[in-house]
Each structure stands twice: as C-alpha cells, then as structure tokens.
Amino acid sequence: MVIKEVSTKLNNPQDIFDPDGENAIIIKDLVKKFDDVIAVNGLNLEIKKGELFGLLGPNGAGKTTTINVLSGLLKPSEGTAYVGGYDVRNDLKKIKELIGVCPQEASVFKFLTGRENIELFGNLHGMPKKKIKERTNSLLKLANFTEASKRKAKGYSGGMTRQLNLLIALISDPKIAFLDEPTVGMDARARRKTWEFIGSLKEQNKTVILTTHYIEEAEALSDRVGIIDYGELIALGTPKELMEKHDAKNLEEVFLKITGRRIMEGI
Amino acid sequence: MNIQKILALVKVQLKKLIREPATLFLMILFPAMLTFFFGLGFVGIIPDPIGHPEVTQFDVMVPGLYAFVCIFIIMTVAMTFSEDRERGLLRRMNTTPLSSGEFMGSHVITNTFISVIQVVIVVGLSFLMGYKGDIGGLGIAFIFMIFLSVCSVGLGLITATIAKTPGAATGISFIFIMPQMFLGTYIIPPTGVTQVISMFLPSAYVTDGITMLFNGVPLTNPLIWIKLATVALISVAIVIVGIQLFKKYGNK
C-alpha cells in the first residue's frame, strides 16, 4: 500500500521539520473533520521543492480541504503540515508570505480592471510599487493578457476570469503556488494555453500543487501525482510509475481503476 | 499595520463607490435627494408660529438628517462584506499576509471618509435649501458624524455576520437602520416612549449634540461633550463587537 510507504518515510522525526531540506511541503498525519464528516483522514505526503505535484481525486475527495489547510484557511483537526518549513498551526503569517493561492472559485473584484485586481493583491503582499508594476507587466505579457487587463473584470468571459484568477495568485512571485482546479470552465484552447503557462512555472523552479479534474492535465504537467479519495492518499508516484504499476495506458485509466476498485470494494 | 495595504484597500472601496451605480446612489445621491426633498417639503412649515416663528420644520429636522445619512453605512458595509464573502474574496485575501486589523481598518477609514463627503453634501444642500443653523459648531458636528459612521461599520459587520447572502444583509440591516432612523433622528417628533428608546440609540445622541451645536449652544456646555463621549464609547464598543463577531462567525 502506498499509504504505508509514505507513512514509513515520515517516521523519522527529523523528516518532519525540513526548512532547508529538499521538501517544500510536508504533511504529517493530517486530519480535518467538519462535525462528523472526515474530509481529510490521516494524510501523509511530502512535496519536493520545485516539483509540480498533481493532486487528483473524485469530487469531495478532500483535495480542496487539503489545500485550504496548507494555505491557512482551515485549521487541522489533528496532525499538522509544514509549508516552506513553517507549521500551519503556528506560523501562518510566514506561510502566507511564501504562497500564492488560485482558489477554485474565480475570486476577483468585478468592478476593477484585470490589472487593478492583480496590482491590488501585489499591494496586499506588501510588495514595493515598482516591483508590482514590473511583475504585473511580465505576468500579463506571459499570459498574453495585456489588452484584456485594461478592461473591467465584469465584462470578462468565464475563461478570462479564470485566467485572471490564476495571475492574481502569482503576483507575489510565490515560492509555492496552490492552484485549485485552475482550468475548470475554460475551453480547450484556453486550457492548453494555461497548461503552457503553468508549465513555465516549473521552469522558474516554483513548487506547484495542482488539483484538477482533468486527468490529462495532471498527466501532462505533473512531475508526480497523488490520488486521494475519502480523504486518504491511495496512490502516489510519477504518472509513468502509476501507469506501469496499474498496467494502464494513461493516468485516467489508473484513476478509474483505483477509485473504481474502492467503490467496488465498498471502501 | 502596513499603510500600503490599508491604502490599497481604501482605494478599491472608493473605486467601488464610483463605479457601482447602486453604491454611488446609496452613499452620495440618496443623502442629496433626501435633503432636497425634505427641504422642499418642510422649509415652509412653521411648527411653532407664535413662540418661534423664524424656525421652520426643516430647521428642526436637519441635524437628524446628518445622522440619517450615516446610518445607511450599515447597509453598504453589510452588503459589501456579504458580497465579498460570497464571491470568495474574503477567503482569497485571507491567504495573503494582510492582517484582520489592516482589513477592518481600511473599512473604517473608507466609511469615515464617505461619511465626511455625505455630510458635506447634506450640510451644503441644507443651507442652500434654507436651513438657518449656526455653523460655528460644524467641526464638532463632524466628529459626532465620524463616530456614528464607526458605529455603523460595527453594526454592518454584525449584520454581515448574521446574514448569509447580500440580499439577506440588506433586509437584516433594517433591523438596525429603522429604529435609529425613526426614533434616533427626530424625523418623527419625539414622545415619552420614543425618548426612552432613543437613550439606547447612538443616532439620538448625535442628533441631540448637533442640534445643540447648530442652535448656538457654546462648546463650554458639558452636555455636548457628555453626548460626544457617549457616542464615542458606544461606537467603539459596537465596532469591536462587530469585528470580533465577524472574525469568529462571519468570515466563513
């Protein structure tokens, strides 16, 4: 079982706190409960610095809850996690300086232009004015969004709003980016363009945690993939490793085999 | 406290005021229209023709109008917070290093600034419409209004904590708006019962204080300062309660 392998790796206490080590994120026995619903159930996971990690799972598997705990929006019920070496239980201020979060719902100020939205979040990160301008310009150019950014977000299509949603997450040039289903609702062309953009983050040596429903997206972008279901990590490895292990042609088949088997087994 | 973050948020909230017609109407045009129509309707009515033939009904009502406009901040704050929460913007801002003090501070600053604009409009327009108050105490009147705005921000936060949607926030805000509007500003002539109730309404202290100031009561009169201190205490208490409640239960 993959879970056992991961748990064994973390048994050495020195592995837990890893500020200068190779891991950007360490999740240790993480549990998150909402009343009597267990959304995350004893999750153990390490994500390396500079890695693009795909977190997959069916609806309600606990992907967003995990990201919400890692980004400080939710407190763990049990266990903990370390982001950039800082504990989510005690060092949220430090963590927030390191991360950029692209939430699942496109959260933008509709009455502001695209550029104003991005610059606002640069200010909220306390970046110097000059750096905000430079970074905004470079992000807009990279995403081919410069012209659109002059218009108010109210007039954007769904895909454009999602693009803006992603750019806002990256204004602070975060070391660790949480992208929670960043391409949902985008048409195929916009999605491909966004994949390229997300791929470019890897070249910038950023740690990216990507949750997605599009299995081909995870397969195309991720260095490693973790599949969670019912709040538990049920598979972990590179897309190639997982395909080999489960004798599958693609990651989608792996996903269906693993999650389908759990349904059949009544887990 | 990081001034850059606070100013960036103040700028956004002011842009909302200018760019969103509903907010612009409620915060700027509504007070202006209110003053205009009250002026039009009441400037010719003399409530006490024998005792004070020079005092019109409009003169009696104007201090209450100043308080009246600040009370509507409750609705705009409640709507703004509910909308931002519904759109996930509060959660998103919560993933940045912005502190809750900076966030709440920006709202207090913005709404205080807006209330100053509102009062300038209402003061200017009321004098144009024939109001004959003594403007010597205008500076202290502004301070009364600022405290009432702070109080309204607090009540707006309490409303947003209770309300689940912006629509509900609009409705629930009237629980706080109506008594303050009708019983605390003397738009309705005071009776024994309303005077007892108004002892618990910050707007009543503001209306009383401004009435005294505009009637030429000197600043040496301790009653003005007692009323100001009362409004200040109530406002600070309400805004603290509002912030704590919203932080604990409203930001979800």
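Structural data are supplied above this passage.
Because the structure is a prediction, the values reported are computed rather than measured.

**Some remarks on helix α5 (residues 129–142) of chain A**
Residue and element names in this part refer to chain A. Taking 1.5 Å per residue as the helical rise, α5 with its 14 residues ought to reach 20 Å, and the 20 Å between its terminal C-alpha atoms agrees with that figure. Residues of α5 that are buried: Ile132, Thr136, Leu139 and Leu140. All buried residues of α5 project into a common sector of 95 degrees when viewed along the axis, lining one side. Away from its buried face, by an angle of more than 90 degrees, α5 presents the exposed residues Lys130, Ser138 and Lys141. Check the buried side of α5 and you find it contacts α4 (114–124) and α6 (158–170). Once α5 finishes, Asn144 follows within two positions and takes phi at roughly 55 degrees, a positive value.

**Quick look at the interface of chain A and chain B**
Contact residues are listed per partner, giving 20 residues for chain A and 20 residues for chain B. Contributions of two or more residues to the side of chain A that touches chain B are made by α3 (92–98), β6 (99–102) and α4 of chain A. Here the element with the most residues in the side of chain A that touches chain B is α4(A); it accounts for four residues. Here the residues of the side of chain A that touches chain B are counted per class, giving ten nonpolar, six polar and four charged.

**A word on the environment of B:Asp59**
Residue and element names in this part refer to chain B. Along the chain, Asp59 falls in helix α3 (residues 57–71). Judged by local crowding, Asp59 falls into the buried class, with 22 C-beta atoms found within 10 Å. With sequence-adjacent residues up to four places away left out, Asp59 is seen in contact with Tyr131, Lys132 and Gly133.

Calculation criteria
- Residues numbered from 1 in each chain as written.
- Chains lettered and ligands numbered in written order.
- Predicted model: local features only at pLDDT ≥ 70, side-chain atom pairs only at ≥ 80, totals over all residues.
- Helix = DSSP H or I, 4+ residues; strand = E, 2+ residues; numbered from the N terminus.
- Expected span 1.5 Å × (residues − 1).
- Buried ≥ 20, exposed ≤ 12 C-beta atoms within 10 Å, placed from the backbone.
- Arc of directions from axis to C-beta.
- Contact = placed C-beta atoms within 7 Å.
- Nonpolar A, V, L, I, M, F, W, Y, C, P; charged D, E, K, R; others polar.

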